[in-house]
Amino acid sequence: MPSDPAADTTHLHQLADNIRREERRVLGFPGNLDFSLENLAPLLGVFFNNLGDPYSPDAANLNAKPYEVAVLEYFAAVAGAQPREVYGYVASSSSEALLHGLATARRMLPAAYVYASDQAHYSIRRACELLGMELVTVASCPNGTMNPEDLRVQALRRRRAGGAIVVATCGTTMLGAVDDITALRAAASAAGEVYVHVDAAGGGLVAAHTHPQPNWSFAHGADSLNVSGHKILGMPVPAGISLVRHELLSETAGGEYIAATDRTLACSRSGLASLLLWARLRSLGRTGMAALVGRCQEVAVYAVDRLERAGADPGLFPGSLTVTLTRPPTWVVGKWHLACAGERAHLVTVGHVTYAAVDEFAADVAAARCELLA
Ligand SMILES: *Cc1c(COP(=O)(O)O)cnc(C)c1O
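Residues numbered from 1 in each chain as written. Predicted model: local features only at pLDDT ≥ 70, side-chain atom pairs only at ≥ 80, totals over all residues. Heavy atoms only, no water.

Enquirer: Mind showing me how you'd approach the site of the ligand here?
Expert: As a matter of local geometry, the ligand sits amid 13 residues, with Ser94, Ser95, Asp199, Ser228 and Lys231 nearest to it. In the model, an oxygen atom of the ligand is placed 2.8 Å from a nitrogen or oxygen of the Ser94 main chain. In this structure, Lys231 approaches the ligand through a side-chain N or O atom, which is 2.9 Å from an oxygen atom. Against a free-state accessible area of 380 Å², the protein chains account for coverage of 86% of the ligand. (Near = heavy atom within 4 Å. Polar contact = N/O pair within 3.5 Å; in protein donor to acceptor, adjacent residues only side chain to side chain. Areas by Shrake-Rupley, 256 points an atom, 1.4 Å probe, with all protein chains shown as cover.)

Enquirer: Looking at this structure, how should I read the sheet that holds strand S10 (residues 315–316)?
Expert: Strand pairing in a sheet relies on backbone hydrogen bonds, with the paired strands running either antiparallel or parallel. Strands sit in the order S10-S11-S13-S12 across an open sheet of 4 strands; the sheet is antiparallel. Each having just a single partner strand, S10 and strand S12 (339–341) make up the two edges of the open sheet. Examined bridge by bridge, S10 and strand S11 (residues 322–326) share 2 bridges and lie antiparallel to one another. Paired with Leu316 across the bridge in S11 is Val323. Sitting on the sheet, helix H8 (residues 271–309) is in contact with S10, S11 and strand S13 (344–348), with an inclination near 10° to S11. (Pairing = 2+ DSSP bridges. Helix = DSSP H or I, 4+ residues; strand = E, 2+ residues; numbered from the N terminus. Contact = heavy atoms within 4.5 Å. Axes fitted to C-alpha atoms, helices over the stretch in contact; angles between N-to-C directions.)

Enquirer: Could you clarify how one ought to interpret the domain arrangement of the chain in this entry?
Expert: Interface size, as often reported, equals the accessible area lost upon joining of the parts. Partitioning the chain into domains gives domain 1 (5–34 + 294–373) and domain 2 (40–282). For domain 1 versus domain 2, the distance between C-alpha centres works out to 28 Å. Contacts between the two partners involve 16 residues from domain 1 and, on the opposite side, 18 residues from domain 2. With both sides pooled, the region where domain 1 packs onto domain 2 buries about 1100 Å², and carbon together with sulfur makes up 61% of that total. (Domains from an automatic or database assignment. Buried area = accessible area lost by both parts, 1.4 Å probe.)

Enquirer: Help me out: how do you make sense of helix H2 (residues 65–78) in this one?
Expert: Because an α-helix packs 3.6 residues into every turn, residues spaced three or four apart end up facing the same way. Taking 1.5 Å per residue, 14 residues should reach 20 Å; H2 reaches 20 Å between its end C-alpha atoms and fits that length. When H2 is considered as a whole, its buried residues turn out to be Lys65, Glu68, Val69, Val71, Leu72, Tyr74, Phe75, Ala76 and Val78. (Expected span 1.5 Å × (residues − 1). Buried < 20%, exposed > 50% of the residue type's maximum accessible area, 1.4 Å probe, protein only.)

Enquirer: Sorry, what's going on with the sheet that holds strand S4 (residues 164–169) here?
Expert: One open sheet holds the 7 strands; their spatial order is S1-S7-S6-S5-S4-S2-S3, and the pairing between them is mixed. Two strands bound the open sheet, and with one partner strand each, they are strand S1 (86–91) and strand S3 (135–138). Neighbour-to-neighbour, the strand axes of the sheet open up by a mean angle of 20°, direction not taken into account. Direction of pairing for S1 relative to strand S7 (residues 240–245): antiparallel, over a ladder of 6 bridges. Bridge assignment links Val90 to a residue of S7, and that residue is Ile241.

Enquirer: Just to check I follow, could you spell out helix H6 (residues 181–188) for this structure?
Expert: Residues of H6 that are buried include every one of Ile181, Leu184, Ala187 and Ala188, and no others. Looking straight down H6, one finds that the buried residues subtend no more than 125° of arc, so they occupy a single side. Against helix H5 (148–157), S4 and strand S5 (194–199) lie the buried residues of H6. Capping of H6 at its N-terminal end is provided by Asp180; its side-chain oxygen lies 3.0 Å from the backbone amide nitrogen of Thr182. (Arc of directions from axis to C-beta.)

Enquirer: Looking at this model, I keep getting lost on the pairing of S13. Mind explaining?
Expert: On any regular strand, side chains alternate: one points to one face of the sheet, the next to the other face. Most of S13 sits out of view: 4 of its 5 residues are buried. Direction of pairing for S11 relative to S13: antiparallel, over a ladder of 5 bridges. Bridge pairing in S13 links Thr322 to Val348. Judged from the 3 bridges that link them, S12 and S13 form a sheet pairing that is antiparallel.

Enquirer: Just checking my understanding: could you explain the pattern of salt bridges for this structure?
Expert: Proximity of charged atoms lets side chains of opposite charge pair with each other. Taken as a whole and assessed by the stated rule, the structure comprises 15 salt bridges. Notably, a salt bridge pairs Arg20 with Glu23, separated by 3.9 Å at the nearest N-O pair. We note a salt bridge from Arg306 to Asp359, for which the minimum N-O separation is 3.9 Å. In this pair, Arg306 sits in helix H8 while Asp359 sits in helix H10 (residues 355–373), placing the two residues 53 residues apart along the sequence. Given a relative accessible area of 27%, Arg306 falls into the partly exposed group. Asp359 sits in the partly exposed class, given a relative accessible area of 31%. Each of the salt bridges in this network shares a partner with another, and the network as a whole consists of Arg185, Asp223, Arg245 and Glu247. (Salt bridge = Lys/Arg side-chain N within 4 Å of Asp/Glu carboxyl O.)

If you want it as structure tokens, here you go:
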């Protein structure tokens, strides 16, 4: 039976209110919760379907593709690509974009192994399983970056495979480390031809606004790259940006029925996500984005200072927003929505994380330490 719409609306509004109340204490995850797009609510009454390639017309013509293309141009420039050097599309998340990058890599080097560090995101393993690619785990350095020397040894051992596919990470999940793709490409060349994909889900927008920039982008030799739309930028829905150097793409495959070329991994894609990305980027502008990242970096440095005073042994990869600390007791982890791995925990100082919240968090960490010592 149909339910009472008013009751359901009240229920869903309560759900949203409950989440909103928690927002300022969500420290452990890289999604910026500081955005407000309520003025775009009327878009929810319209079906925006970006069928097939963003650059291609489609038969249905109910799309928001010009806005998607504008978003892609922004991200391509941020990722150091020349105009028209890369093809891109707005995927459902970085994990899909990563799958797209690895599928492209496999077409270029069909027999090559995939090399990723022990700090890489789990979605790389899943992509390799789906694509039937063999994953080699490379050791990391204490600071969380992939160890180029171990990559060289591993690649040399497998040089008969015909090349190497390296998945570098720009902003590792637990330590915020940024792999140096120039060094990794040189190391992997022990196996022959090298393809470099950069998983810049969380760290791409940060690296792009760090001076000097680390070696992470197309300007430093990347072949493909993914960035999440919902992390640093902040979005009400997940989105991932896939960027691939043009010459690596397959011939224009397409769906006859949609009358569009389609080199994406979908068919129907969210036009709404592209419109929301466009709106977020327009409202910030380039200067606003740089200021946002700069402030987040300052909050990270501030958090390190506060946590040092609280005796929590903090760590921070230079320029990163990920501050690690000794894992506090469960009540602190729960209250502040921390992410933990083994004996360490971390917070990510994205846009909604205030100085005041850091102060309160550090006070809780110090209080918990006193409890333990008492
Ligand atoms: C968040 C993240 C992912 C996954 O991205 P989604 O957009 O959530 O699919 C992959 N890799 C890294 C390094 C990440 O930080």
